[in-house]
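Descriptive analysis of the structure
Here is how the chains run, residue by residue.
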Amino acid sequence: MKLSTKCRYGLRAVVDIAREYGNGPAKRKDIAKKEGLSSSYLENILLVLRNHRIVETTRGVNGGYVLCRAPSEITAFEVVNALEGPLSLIECLDKPSVCKKNEGCVARIVWKELATAMRSVLTNISLQDLLDREK
């Protein structure tokens, strides 16, 4: 499983916005330049994050993007889930009825543990944790 570039850039962009938390909005053009993205591509990413109430926009000369909550209250899981959708490794984990061998499938145990571990890692890392690790 690979995460999309939208997801990878989105998490980095949100961390850029988190750096400015409490100091005012982060400018899209500054984030785009720092991350090496086109402004329009970043705008699409930020729109998704805004729709999921992770970031919000402020208008005007001093406008830009701010977090909807403190960096310590936003997890990497929220960002990834917003940009990728539900993280499901295989269909039978969410819909057991799709597989006739679901009940006795030994491999399903592996996929379930892997999905649980992934979710655990992502939910236990906040944007603040990423900022702290950066220092």
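Please refer to the structure placed before this passage.
Quick summary incoming for the structure in this document. (Residues numbered from 1 in each chain as written. Predicted model: local features only at pLDDT ≥ 70, side-chain atom pairs only at ≥ 80, totals over all residues. Heavy atoms only, no water.)

1. Here we look at helix α4 (residues 76-84)
Of the residues making up α4, those classed as buried are Ala76, Phe77, Val79, Val80, Ala82 and Leu83. Of the residues trailing α4, Gly85 is marked for its positive phi of about 85 degrees. (Buried < 20%, exposed > 50% of the residue type's maximum accessible area, 1.4 Å probe, protein only. Helix = DSSP H or I, 4+ residues; strand = E, 2+ residues; numbered from the N terminus.)

2. Describing the state of the cysteines
Cysteine pairs can be covalently joined through their sulfur atoms, and such a bond is termed a disulfide. By the definition in use, this model includes zero disulfides. Considering cysteine sulfurs only, Cys68 is the nearest to Cys7, which forms no disulfide, with 18 Å between them. (Disulfide = S-S within 2.5 Å.)

3. A closer look at the pattern of salt bridges
If you walk through the whole model with that rule in mind, you get seven salt bridges. Of the charged contacts, one joins Arg12 and Glu35 as a salt bridge, the two residues approaching to 2.7 Å between their closest N and O atoms. Remark: Glu35 occurs in helix α2 (residues 28-35) and Arg12 occurs in helix α1 (residues 5-19); sequence separation between them is 23 residues. Classification of Arg12 as partly exposed rests on a relative accessible area of 37%. Given a relative accessible area of 14%, Glu35 falls into the buried group. For Glu43, the salt bridge goes to Arg28, with nearest N and O atoms at 3.5 Å. Separated by 15 residues along the polypeptide, Glu43 in helix α3 (residues 39-51) and Arg28 in helix α2 bring together distant segments of the chain. With relative accessibility at 26%, the residue Arg28 sits in the partly exposed group. Here the salt bridges do not stand alone but share partners, grouping Asp16, Arg19, Lys34 and Glu134 into one network. (Salt bridge = Lys/Arg side-chain N within 4 Å of Asp/Glu carboxyl O.)

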